[in-house]
Amino acid sequence: AVACFCDPGIVTPKVPVAASGQLEQPIQYWLWRKQMAERIARDVDHEKLGVQAMYLIGSVKNAIAGSASDIDLLIHFTGPQEKRAELMNWLDGWSRCLAEVNYHKTGYKTDGLLDVHIVTDEDLANRSSFAVKIGAVTDAAYELPLSKN
């Protein structure tokens with residue numbers, strides 16, 4: 001039997017070869033997705049939109065995302081419905097743009113790349129929904145730094 005071991009998140013179905021004959025680095029799908037999640041967290045007007053914290057969960061956080069993987073964001077939100085709708089609209093714009101970037105990188109077409117999960121103070125208090133990921137012992141959510149508005 002033969003096995004090939006590589007770092008998590010590196011997908012090597014076909015190793016690209018440059019014109020020079022040298023092997024190229026395989027695409028690390030998780031890495032650019034993580035960088036975009038960090039950018040979203042930096043750019044969100046968290047005070048205006050009621051975002052208390054933003055977290056990364058799933059395959060991107062675990063560095064195992066593939067070409068068809070979405071970006072799972074967990075958002076601690078407090079505020080009125082109008083602000084939540086405004087936040088979701090803002091994130092939808094990002095989601096569509098990132099889907100287009102992913103299409104150009106991979107050829108995989110999707111309507112959006114973000115999968116947004118909202119948790120409230122009540123969810124956190126009851127440890128319900130995705131709130132269990134925040135501060136979990138295993139497979140905990142990764143907190144994305146927000147900008148200092």
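This text follows the structure it describes.
Note that the coordinates shown come from a computational prediction; the quantities given were computed from them, not determined experimentally. (Residues numbered from 1 in each chain as written. Predicted model: local features only at pLDDT ≥ 70, side-chain atom pairs only at ≥ 80, totals over all residues. Heavy atoms only, no water.)

### Considering the pattern of salt bridges
Inclusion rule: Whenever a carboxyl oxygen of Asp or Glu lies within 4 Å of a side-chain nitrogen of Lys or Arg, that contact is scored as a salt bridge. Secondary structure elements follow DSSP: runs of H or I of four or more residues count as helices, runs of E of two or more count as strands, with numbering from the N terminus. Accessible area is worked out with a 1.4 Å probe on protein chains only. A residue is then buried under 20% of its type maximum, exposed over 50%, and partly exposed in between.
Within this structure, the stated rule accounts for 7 salt bridges. We note a salt bridge from Lys34 to Glu38, for which the minimum N-O separation is 2.7 Å. Taken as a pair, Lys34 and Glu38 lie in helix 1 (residues 29-43) at a separation of 4 residues, close to a single helical turn. Lys34 sits in the partly exposed class, given a relative accessible area of 22%. With a closest N to O distance of 2.8 Å, Asp139 and Lys61 form a salt bridge. Placement of Asp139 in the loop between helix 4 (121-126) and strand 4 (142-144) and of Lys61 in the loop between strand 1 (51-57) and strand 2 (71-77) is noted, with a sequence separation of 78 residues between them. Judged by its relative accessible area of 24%, Lys61 is partly exposed. Several salt bridges share partner residues, and in doing so they unite Lys48, Lys83 and Glu86 into one network.

### Considering the pairing of strand 1
Cut-off, in case you're wondering: Strands are labelled as partners when DSSP assigns at least two bridges between them.
Burial within strand 1 is extensive, with 6 of its 7 residues counted as buried. Pairing of strand 1 with strand 4, which is carried by 3 bridges, proceeds in the antiparallel orientation. Bridge pairing in strand 4 places Met54 opposite Leu144.

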